[in-house]
Amino acid sequence: MATVSSRVLHIILNTFILFIINPSFILADNDEFSVGDFDFNLFHGDYTPPSPPPPASPPHPPSLLCEEDLGGNGSVDTICVLNSSLNFAEDVYIEGIGSLHILSGVIVSCPVAGCSILVNISGEFVMGVNSSIVAGTLSVTAQNASLNNGSIINVTAFAGAPPAQTSGTPSGVQGSGGGHGGRGASCVTDNTKLPEDVWGGDAYSWSTLDEPRSYGSKGGTTSKEEDYGGGGGGRIEFDVGGAIAVCGSLMADGGDGGVKGGGGSAGSIYIKAPRMTGSGRISAAGGNGFAGGGGGRVSINVFSRGRSFGCPENSGAAGTYYDAVPRRLIVSNHNLSTDTDTLLLEFPNQPLWTNVYVQNHAKASVPLLWSRVQVQGQLHLSCGAVLSFGLAHYASSEFELMAEELLMSDSVIKIYGALRMSVKVHLMWNSKMLISGGGDSLVATSLLEASNLVVLKESSVIHSNANLGVHGQGLLNLSGPGNLIEAQRLILLLFYSINVGPGSILRGPLENASDNDMAPRLYCERQDCPMELLHPPEDCNVNSSLPFTLQICRVEDIMVEGLIEGSVVHFHSVRTVVVHRSGVISASGLGCTGGVGRGKVFSNGLGGGGGHGGNGGDGYCDGSYIDGGVAYGDADLPCELGSGSGNVSLPGATAGGGIIVGFVLVMGSLEHSLSSLYVDGSLRSDGQNFGENIKNGDDRIVSNMGSGGGSGGTILLFVHTLAFVNSSRISAAGGHGSPNGGGGGGGGRVHFHWSDIPIGDEYLPIASVEGSIYIRGGFSRGQGRSGENGTVTGKACPKGLYGIFCKLIAGTIHHLVSEPFADLYIRECPIGTFKNVTGSDEALCYSCPSYELPRRATYIAVRAFCGAAGRPCPYKCISDRYHMPHCYTTLEELIYTFGGPWLFGLILLGLLILLALVLSVARMKYVSADELPALVPPLRSSRIANSFPFLESLNEVLETNRTEESQNHVHRMYFNGPNTFSEPWHLPHFPPEQVMEIVYEDAFTKFVDEINGLAAYQWWEGSVYSILCILAYPLSWSWLQQRRKKKLQRLREFVRSEYNHACLRSCRSRALYEGLKVAATSDLMLAYVDFFLGGDEKRTDLPPLLHQRFPLTLVFGGDGSYLAPFSLHNDNILTSLMSQSVPPTIWYRLVAGLNAQLRLVCCGHLRITLGSVVSWLETHANPTLCTYGVHIDLACFQSTACGYCQFGLLACAIEDDSEPTSVEGVDGSLIPDHLLRSRRGNLSDHLGASEHLLRCRKVPGVILHAKNLQKLQEKRAAICYPFSFIMHNTKPVGHQDLVGLVISALLLGDISLVLLTLLQMYSISLQDFLFVLLILPLGILFPFPSGISALFTHGPRRSAGLARVYALWNITSLINVVIAFVCGFFHYKSKKHVNFQTWNFNMDESEWWMLPSGLVLCKIIQARLINRHVANLEIQDHSLYSNDPNVFWES
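All values reported here derive from a predicted model rather than from experimental measurement.

Chemist: Before we move on, could you go through the sheet that holds strand β3 (residues 73-74) and cite the residues and values that matter?
Modeler: Hydrogen bonds between backbone atoms are what pair the strands of a sheet, whose relative direction is either parallel or antiparallel. Strands sit in the order β3-β4-β7-β10-β13-β16-β19 across an open sheet of seven strands; the sheet is mixed. Two strands close off the open sheet at either side, each with one partner strand: β3 and β19 (275-277).

Quick look at the structure:
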């Protein structure tokens, strides 16, 4: 019986099937199959097969009418309602274009075997609550169908005749069950047959299982007089165009036969509908009886089968359930045990079935001689299912199994013959695949291919008594205890990875296998190696002629935590093998019982041990010894099987060890090897021990004598690298002899054949060995003798290397049982010795000559086992910064490449001079001759012109508008502050006395506020300046000058065009935006505002004359620093104003001389340098100016809140009543000496008068003279002050071309020393190199490009400005040099140095400081020459520095 669960299956192409079963319909006393037990999510694949052609319509009688024939209401062409029960005795046919409704409780029956009720309507078919239909066949064709709750369609036991030429009804009187979808059961016992070879009625209608329309078959009887067999099940067919709702029951069961008859087989149920819903039940179960009937066939739904009362353990075979839409076949026996098969015959090729499920103790069989089972998706066996291929008594068939996935859970697959399986995924859970190859060697090889994954879990087994190949491209995983793959000859190939988990086994050949044709033949009597061991075939096919019993071929990685066991185990084309602590690879006791080295035997069966790597021990009996087996094989390339005791006739005969050969690429191959072998477990090829008492099958002792032990086998490893950890074990030990005097077996052979031994200077280890190697002979355990030890060998090592592992391993192998083999591990020659001859004598190690060892090198143990293989002895530099072979630093390599320090220095010096000459010539070509100073002093007549190149004729130079400006000029008001970010320009808020008459005071205050606001800097500008001061001071100076220039442009633009001049009283000035003008000195440190008349003031006293403006303040620009020296700014206004008393030529000469003296004033040394200016004023300026009634003094003005003072001149008039000075008649001629003497008498009283005028005119300042200069307070920057001694303005020296040449040479020398210093720092460490380079960032590199830029710039003034920046970069780079000193000092201080050699130019030697010191010296000389170069560019008239006033003025 079956119940439909509450599930909805949505099928693509608008076809939906919802098949729901209500568990409440399952009776407690029936074990019936439920659709709810299926996992409907298991199927997958193509669910849109092409629609089959409609079957031909069967012949049918005339249609019955609704009212006349059926006694209903209405018409079959509209709606026919049956409201009363009907009973028919013959076939019924109802046809119409309407609907048919059977009301509640109505029964429509035709209780005659084979009676048909056919309904063919275009509308709906509806069965009301508790209504029923009883017949042999019910076929309904309608648009929709609805079977309400309690409704029943029952065709049980009303089957007609089964198809012709079928044997579904059993013959005889055995009471067997009828067959249909599955065979009927039979309770007959036949000891000559297997249980599965006995059945009742046979299965039929396999070809129509997708659209089943066959009757079930009648069961057999146990009496000839009366037929007690149950009837076969009938047929139910629904062909619905829309939806069908099954809330009632569809029953096509076989009839029960009772205890005297067999159960009838179930019939057929076929439902075809796009959509099915409901909670009813559908049953196609075989009938119960003496022997149960077979199940029926259900398409789209489920089925069941009958029980056997006579043999409960052998139920009828399961029927078939075919779901036509997804093309899925299910064979299920609902957990009832059976020995009866459900036959699976030919599988369709087009289209393929999607999934096939065999489950719940179903037993399916593919009985053909050759068959292909191919499905598109899964072949799934579960819950005790059994799938058989072939016949047990004829195991010579061949089968193909093709699917996407083969899933086995608690199930069994039996193959009688050979199987070719091709799947993508093969998963086994507590399942078995048993292959019986029979005795036919032609078909005895099975191949199992799973391209993606093979997993065995929970004691799953793949067993073959013949040849078996398992291959794939993914993972083979035996995940835990009990999992087993075994065969007589087992080949695993083409997997990416194989994992043999703990407790899992790979075995070939079988344990206790019978000696039939399929057992592998060992080459026991051969004394030479089979060629296939050393040169195995590349194709890795299963070949019974090869000597291997277990081969793993073309696999990337192998993880062994379980057991790999075989007589000849071969790893071919394998990359990595890892044997974990629980892992074992074994060939122990699987060798030959006889063999080349078998022991000799006494007549009583006692004998000596087998020989192999060593001779077998002698056996002893009654005072006589008998020889053990002899040693045989090649110790340098062993590949022999171990030998046995030789007594093959006794049960106690022992076998020798097998072979574990090769790892990677080819087993025993000389061309290929394993990349890596890691062993934490065991590799064993031991000989077999003799048991003390050997018993036969009935536990009686058959012998207590016994033979000797078997010899150890061979372990042959072709490897690239090897690692044996502490707990690992390699064993090829001999077996123990019997306690009655049997000899012990000889030890086996272990050989390490290295594929590639590095022969470079530095040793690359190929092996790490800390485990145990056993090659001892076996013990006698009686009076016999022990076997001899075997051999441990390795491939011959190249020169300089000794031992099995071509390295020192003494003390690393924890347990070498064979003591004589300890001599294999030779001591290494001491470091500093070499050995270039063969032999192991310590005297052959000669000392290396000391002169061949560089002073910064030390000897090393390149080969670690026997020192060097020849001279020169291997050594390495004491630090990575030294380079082989001479252990030089990078700098030293450069120096010694050019012949050493002296020759390198000469070459570098010559190259620098040559390049300097080239630069000098290029500079002369690039910079025009008129921009360079002359090489000879200028003529006397041209000195004034050269001093004032822009002054040729006053009338030609002055323009008309500038003349008007000079005439209308009222006052010059200076800004306070040096125009820095911390102290910007600012004007006082109160107008000076000189402009009170031309400005409005309130408006002037507002004007000052706006000006001061514009003059202030933003915070970010100062922040950028502060950052640049720390990182690169020259860049901060350039940033400051750029912001100063933009600030001046902003002030000029504001006064010129934005400000409305509201502070001026002149209407004309306000209207024309005139009357105010902002200007600044060229160094942008001093700014001023000039006030002019507008022309409409109507004041005769304005503008004031020069004598009315006395005392007149003339403020210096600059601050006395190297980049901004003091200077008196002279413009047209000042020249025009002073020309009222002093001739312009005299004034210009005075300004030129004063500026020449002011550029020598050095900030930080003002007391000394300003004294020279005061002296020059008294000796050169004032004596001449007094002639014109003018006297000038050096003064200090406008001390701000931050302490900044402005220096300048204070011009005053000299009152002389007796000889007044008039401007008229001034022609610029030289003043006679007697006039000069007449004026000098009044100079002593002038100082007091000037100070009095300062106080009277409220001029904030003080006159500086020799006395109060010593009291002048000045600030000195602690950091910059020392540099002022190196970088300051000087007097010109001439010889400009020579100075430029020397600077070019020094510039090239500077960059050369910089590069050498950086190379030296890099030789110490990258960290020191970066420190020197980046503190300050790249400051050490910038002097060179800035110097080149200064030398190749047009114009003296621009070239001088760039030369000052060059000087600033040059002096700033000293910080980087100091960092180089610090790095070198700390590095040198932490090292102890030997082998002192001069001129090594190395940071490790005492001369480490030479390069930084040379760089400091070069930069200091550059700084002094740059000072001269700038002076030559700025002062081309050397007479400006003449100490003789007459010479000064005459020029």
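Chemist: Kindly report on the nonpolar core, identifying the contributing residues and their values.
Modeler: Nonpolar side chains tend toward joint burial in soluble globular proteins. In this structure, Leu406, Met433, Leu506, Ile552, Ile564 and Phe752 are the most contacted members of the largest nonpolar core, which totals 86 residues. Among the elements that take part in this core, strand β32 (residues 412-429) stands out by supplying six residues, more than any other.

Chemist: Lay out unusual backbone geometry in plain terms, naming residues and giving numbers.
Modeler: Cis geometry is found at the peptide bond from glycine 508 to proline 509, where omega equals 10°. Summarising the element assignment, proline 509 is placed in the loop between β41 (505-508) and α1 (531-534). Along the chain, phenylalanine 1110 connects to proline 1111 via a cis peptide bond; the corresponding omega equals -5°. Note on placement: proline 1111 falls in the loop between α11 (1106-1109) and β67 (1112-1117). In this model, histidine 334 sits at a positive phi of 50°, which is unusual for a non-glycine residue. Within the fold, histidine 334 resides in the loop between β23 (328-332) and β24 (342-343). In this structure histidine 334 comes out as buried when scored by relative accessible area, which is 12%. In this model, leucine 1084 sits at a positive phi of 65°, which is unusual for a non-glycine residue. Within the secondary structure, leucine 1084 sits in the loop between β65 (1076-1080) and β66 (1087-1092).

Chemist: Please set out the sheet that holds strand β64 (residues 969-974) residue by residue, giving values where relevant.
Modeler: Pairing within the open sheet is antiparallel, and its three strands lie in the order β64-β66-β65. Each end of this open sheet is capped by a strand with a single partner; those strands are β64 and β65. Put simply, the sheet's adjacent strands are angled 25° from each other on average, direction ignored.

Chemist: Kindly report on helix α17 (residues 1296-1324), identifying the contributing residues and their values.
Modeler: A rise of 1.5 Å per residue sets the reference length of α17, with its 29 residues, at 42 Å; its end C-alpha atoms lie 41 Å apart and thus fit the reference within 8%. Counted residue by residue, α17 has 21 buried out of 29 residues, so it is predominantly covered.

Chemist: Describe in detail the confidence of the model for the protein, supporting the description with residues and values.
Modeler: Of the residues in the protein, 79% reach a pLDDT of 70 or more, and the chain-wide mean stands at 79. Below pLDDT 50 for its whole length, residues 659-668 participates in 78 contacts with residues either more than four positions away or in separate chains. Here residues 929-960 scores under 50 on pLDDT; set against residues more than four positions off or in separate chains, the count is 26 contacts.

Chemist: Run through the pairing of strand β42 (residues 550-560), naming residues and quoting values.
Modeler: Of all eleven residues in β42, eight are buried; the element is thus mostly enclosed. In this structure, strand β39 (residues 489-493) lies alongside β42, joined through four bridges in parallel fashion. Considered in β42, the bridge of leucine 492 is made with isoleucine 552. Inspection of the sheet shows strand β40 (residues 497-500) paired to β42 by four bridges, in the parallel sense. Each residue of the ladder has a partner; that of serine 497, found in β42, is aspartate 557. Bridge count for β42 against strand β44 (residues 568-579) is nine bridges, and the pairing is parallel. When the sheet's bridge partners are listed, cysteine 553 is paired in β44 with histidine 572.

Chemist: Any chance you could break down the state of the cysteines for me, citing the residues and the numbers?
Modeler: Scanning the entire structure with this criterion turns up four disulfides. Residue pairing for cysteine 66: its cysteine sulfur links by disulfide to cysteine 80, the two sulfurs lying 2.1 Å apart. Measuring handedness by torsion sign, the sulfur bridge of cysteine 66 and cysteine 80 sits at about 90° and is right-handed. Of this pair, cysteine 66 sits in the loop between β2 (15-17) and β3 while cysteine 80 sits in strand β4 (residues 79-82); the two residues are 14 residues apart in sequence, bridging distant segments of the chain. For the pair shown, cysteine 66 and cysteine 80 are each scored as buried. Covalent S-S linkage joins cysteine 877 and cysteine 887, the inter-sulfur distance amounting to 2.3 Å. A torsion of -95° about the S-S bond marks the disulfide between cysteine 877 and cysteine 887 as left-handed. Of this pair, cysteine 877 sits in strand β63 (residues 875-877) while cysteine 887 sits in the loop between β63 and α2 (890-897), placing them ten residues apart in sequence. Here cysteine 877 matches cysteine 887 in class, with each residue buried.

Chemist: Could you give an account of the packing of helix α13 (residues 1144-1158) against helix α14 (residues 1166-1185), naming the residues involved and the relevant values?
Modeler: Contact geometry for α13 and α14: axes closest at 11 Å, N-to-C directions at 175°. Relative to α14, the element α13 lies roughly antiparallel. Residues Ile1146, Leu1150, Gly1153, Leu1154, Gln1157 and Leu1158 of α13 lie in contact with α14, whose contacting residues are Val1173, Trp1176, Leu1177, Ala1181, Thr1184 and Leu1185. Split into classes, the residues belonging to the contact of α13 with α14 amount to nine nonpolar, three polar and no charged.

Chemist: Outline the packing of aromatic side chains, supporting the account with residue identities and numerical values.
Modeler: All chains considered together, the criterion is met by 25 aromatic pairs. Pairing tyrosine 322 with tryptophan 353 gives two aromatic rings, centres 5.9 Å apart and planes at 45°, and the pair type is tilted. On the criterion of sequence distance, the pair formed by tyrosine 322 in strand β22 (residues 320-323) and tryptophan 353 in the loop between β24 and β25 (355-359) is long-range, its members being 31 residues apart. Residue tyrosine 322 shares its accessibility class with tryptophan 353, and that shared class is buried. Considering the side-chain rings of phenylalanine 981 and tyrosine 1025, the 5.1 Å spacing of their centres and the 45° angle between planes classify their relative orientation as tilted. Taken together, the residues phenylalanine 981 in the loop between β64 and α7 (1001-1015) and tyrosine 1025 in helix α8 (residues 1019-1031) connect sequence positions 44 residues apart. Phenylalanine 981 sits in the buried class, given a relative accessible area of 17%.

Rules of the game
Residues numbered from 1 in each chain as written. Predicted model: local features only at pLDDT ≥ 70, side-chain atom pairs only at ≥ 80, totals over all residues. Heavy atoms only, no water. Pairing = 2+ DSSP bridges. Helix = DSSP H or I, 4+ residues; strand = E, 2+ residues; numbered from the N terminus. Core = buried A, V, L, I, M, F, W, Y, C linked by side-chain atoms within 4.5 Å. Buried < 20%, exposed > 50% of the residue type's maximum accessible area, 1.4 Å probe, protein only. Axes fitted to C-alpha atoms, helices over the stretch in contact; angles between N-to-C directions. Expected span 1.5 Å × (residues − 1). pLDDT = per-residue confidence, 0-100. Contact = heavy atoms within 4.5 Å. Disulfide = S-S within 2.5 Å. Parallel < 35°, antiparallel > 145°, perpendicular 65-115°, else oblique. Nonpolar A, V, L, I, M, F, W, Y, C, P; charged D, E, K, R; others polar. Phe/Tyr/Trp six-rings, centres within 6.5 Å; stacked < 30°, edge-to-face > 60°.

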